[in-house]
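# Coordinate analysis (summary)
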Amino acid sequence: MENLTYPILGGLLIGLTTSFYLITTGRVVGISGILAQLLFNKGRLLPLLFILGLILGGSAYGTFFQPSVPFPEIRSPWLLMISGLLVGYGTRLGGGCTSGHGVCGISRLSIRSIVATLVFMATAIITVAVTH
Amino acid sequence: MYAFVTFLTGLLFGLGLAISEMTNPAVVIGFLDIFGDWNPSLIAVMGGAIFVGMLGYWIKNKRLSPIIANEWQVPNLKHIDRKLLIGAGLFGIGWGLSGYCPGPGLTALTNNPLEGIYFVGALIVGSAIHHFQNVLFRK
């Protein structure tokens with residue numbers, strides 16, 4: 001069993017963040033939706049600030065927080081691009097990703113989000129089982 | 001104020017991904033690999049996030065309006081349709097292929113740029129295909 005201290009701490013911080021955003025702005029955090037706003041909406045400043053913050057915060061990994069397992073060896077551009085296409089299209093069609101459905105949706109017991117999370121977990125597990 | 005809150009939310013969310021190691025696709029694939037050498041960390045991440053997230057909704061339900069906005073904009077759709085199922089299914093396949101969902105994929109631009117550039121480029125194209133499909137074939 002891996003040490004779960006950091007995953008739990010990180011998860012609590014993620015929950016604190018989505019709650020903070022909810023209570024201040026009245027909105028849910030959904031990364032795929034915020035990225036789409038940055039790309040296709042007129043008001044681009046706010047989603048841009050969010051995404052810059054996200055990348056800056058995430059870059060603490062490997063500097064302030066050391067990986068417990070190394071990054072995978074660089075994978076083929078084709079695999080990454082097919083993955084990106086499916087994630088980009090699928091999250092928009094399904095109206096959310098791990099944050100919007102998985103965290104914010106399940107937190108308010110949305111039936112749509114619970115079903116979506118079960119479906120994407122299932123297809124992801126099958127994909128890993130087939131490809132590994 | 002709104003801009004500062006938005007930036008801070010992004011920053012803390014990214015930090016949460018970094019602390020919980022969701023920024024590392026090896027950890028994510030280790031979680032999804034339930035038939036192999038399973039790493040349960042994502043359950044702990046989601047459990048922690050959902051627990052605090054529920055407290056957030058509990059506070060929300062005690063308030064009339066958000067602090068710096070006029071009204072709540074929480075989705076309240078309830079129907080399960082084909083779009084939801086197919087979209088979530090395709091997303092899961094893409095997620096399982098690389099171990100990147102949108103947030104960690106974006107952080108890969110700095111953490112693992114040789115992968116992040118391809119993933120995020122295609123992520124934008126996938127999102128754009130959906131957008132223009134909606135514009136062209138709006139029912």
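Described below are features of the structure shown in this document. Per-chain numbering applies: the sequence of each chain, read as written, is numbered from 1 onward. To label them, take the chains in the order written and letter them from A, then take the ligands in the order written and number them from 1. pLDDT decides what is reported in this predicted model: residues at 70 or higher carry local features, side-chain atom pairs at 80 or more are listed and counted, and totals for whole chains, interfaces and linings draw on all residues regardless. The side-chain quantities take in all heavy atoms of the structure and omit both hydrogens and water.

### With respect to the overall build of chain B
We apply this condition: To qualify as a helix, a DSSP run of H or I must reach at least 4 residues; to qualify as a strand, a run of E must reach at least 2; elements of each kind are numbered from the N terminus. Here, residues are in contact when the closest pair of their heavy atoms is within 4.5 Å.
Each helix and strand counted, chain B has 6 helices and 0 strands in total. Ordered by position from the N terminus, the helices and strands of chain B form the series α-α-α-α-α-α. Dimensions of chain B, computed from C-alpha atoms along their principal axes, come out at roughly 45 × 40 × 30 Å. Here the contacts in chain B between residues at least 6 apart in sequence split such that 38% fall between residues at least 24 apart.

### Focus: the overall build of chain A
Using the following cut-off: The rule is simple: take the accessible area with a 1.4 Å probe, protein chains only, and divide by the maximum for that residue type; under 20% is buried, over 50% is exposed, in between is partly exposed. Surface accessibility follows the Shrake-Rupley procedure with a 1.4 Å probe radius. Residue values consider only the protein chains on display as shielding.
The helix and strand tally for chain A stands at 6 helices and 0 strands. Seen in sequence order, chain A has helices and strands lined up from the N terminus as α-α-α-α-α-α. Seen through its principal axes, chain A has C-alpha atoms that stretch 40 × 35 × 30 Å. Looking at chain A residue by residue over its 132 residues, the buried ones come to 52%. Of the contacts formed within chain A by residues at least 6 apart in sequence, a portion of 31% connects residues at least 24 apart. Total accessible area computed for chain A in this model is approximately 5800 Å², and 72% of it derives from carbon and sulfur atoms.

### What about the packing of aromatic side chains?
This is how the line gets drawn: In summary, the pairing rule links any two rings of Phe, Tyr or Trp, Trp by its six-membered ring, whose centres are within 6.5 Å, and it sorts them by plane angle into stacked for under 30 degrees, edge-to-face for over 60 and tilted for everything else.
Overall, the coordinates contain 8 aromatic pairs over all chains when judged by the stated rule. Aromatic pair A:F120 and B:F91: ring centres 4.8 Å apart, planes at 65°, arrangement edge-to-face. In this pair, A:F120 sits in helix 6 (residues 111–131) while B:F91 sits in helix 4 (residues 82–98), so the two residues belong to two different chains. Judged by its relative accessible area of 0%, A:F120 is buried. For B:F91, a relative accessible area of 0% gives the class buried. Each ring, one from A:F120 and one from B:W95, has its centre 5.8 Å from the other, and the planes form 80°; the classification is edge-to-face. Remark: B:W95 occurs in helix 4 and A:F120 occurs in helix 6; the pair is interchain, linking two chains. Grouping residues by exposure puts A:F120 and B:W95 together as buried.

### Considerations on the side chain of B:D33
Selection criterion: Here the positive residues are Lys and Arg and the negative ones are Asp and Glu; neither His nor the chain ends is included. Salt bridge criterion: a side-chain nitrogen from Lys or Arg within 4 Å of a carboxyl oxygen from Asp or Glu.
Considering the arrangement of structural elements, one finds B:D33 in the loop between helix 2 (25–32) and helix 3 (41–61). For the buried B:D33, no salt bridge exists, and the shortest N-O distance to an oppositely charged side chain is 12 Å, to A:R75. Aside from chain neighbours lying at most four places away, what touches B:D33 is A:V128 and B:W38.

### Observations concerning helix 2 of chain B
The condition that has to hold: Whenever two N or O atoms come within 3.5 Å, that pair is a polar contact, provided that in protein one can donate a hydrogen and the other can accept it, and provided that, for residues adjacent in sequence, both atoms are side-chain atoms.
In terms of burial, helix 2 of chain B is a largely internal element, 7 of the 8 residues being buried. For helix 2 of chain B, the full list of buried residues reads B:P25, B:V27, B:V28, B:I29, B:G30, B:F31 and B:L32. Where helix 2 of chain B is buried, its residues touch helix 6 of chain A together with helix 3, helix 4 and helix 6 (113–136) of chain B. Structurally, the start of helix 2 of chain B carries an N-cap: the backbone nitrogen of B:A26 is 2.9 Å from a side-chain oxygen of B:N24.

### A closer look at the interface of chain A and chain B
Quick note on the threshold: Buried area, as used here, totals the accessible surface that two parts lose on assembly, with accessibility defined by a 1.4 Å probe and the loss added over both.
Each partner contributes residues to the interface: chain A has 103 residues there, and chain B has 106 residues. Together chain A and chain B conceal approximately 9500 Å² of surface at their shared face, both sides included; 78% is due to carbon and sulfur atoms. For the pair chain A and chain B, the number of links is 2 salt bridges. In this structure, A:R112 engages B:D81 in a salt bridge whose closest nitrogen and oxygen atoms are separated by 4.0 Å.

### Some thoughts on the pattern of salt bridges
Going through the model one piece at a time under the given rule, you end up with 2 salt bridges over all chains. A salt bridge links A:R75 to B:E115; the shortest N-O distance between them is 2.7 Å. One end of the pair, A:R75, is in the loop between helix 3 (45–58) and helix 4 (77–93); the other, B:E115, is in helix 6, on a second chain. Judged by its relative accessible area of 0%, B:E115 falls in the buried class.

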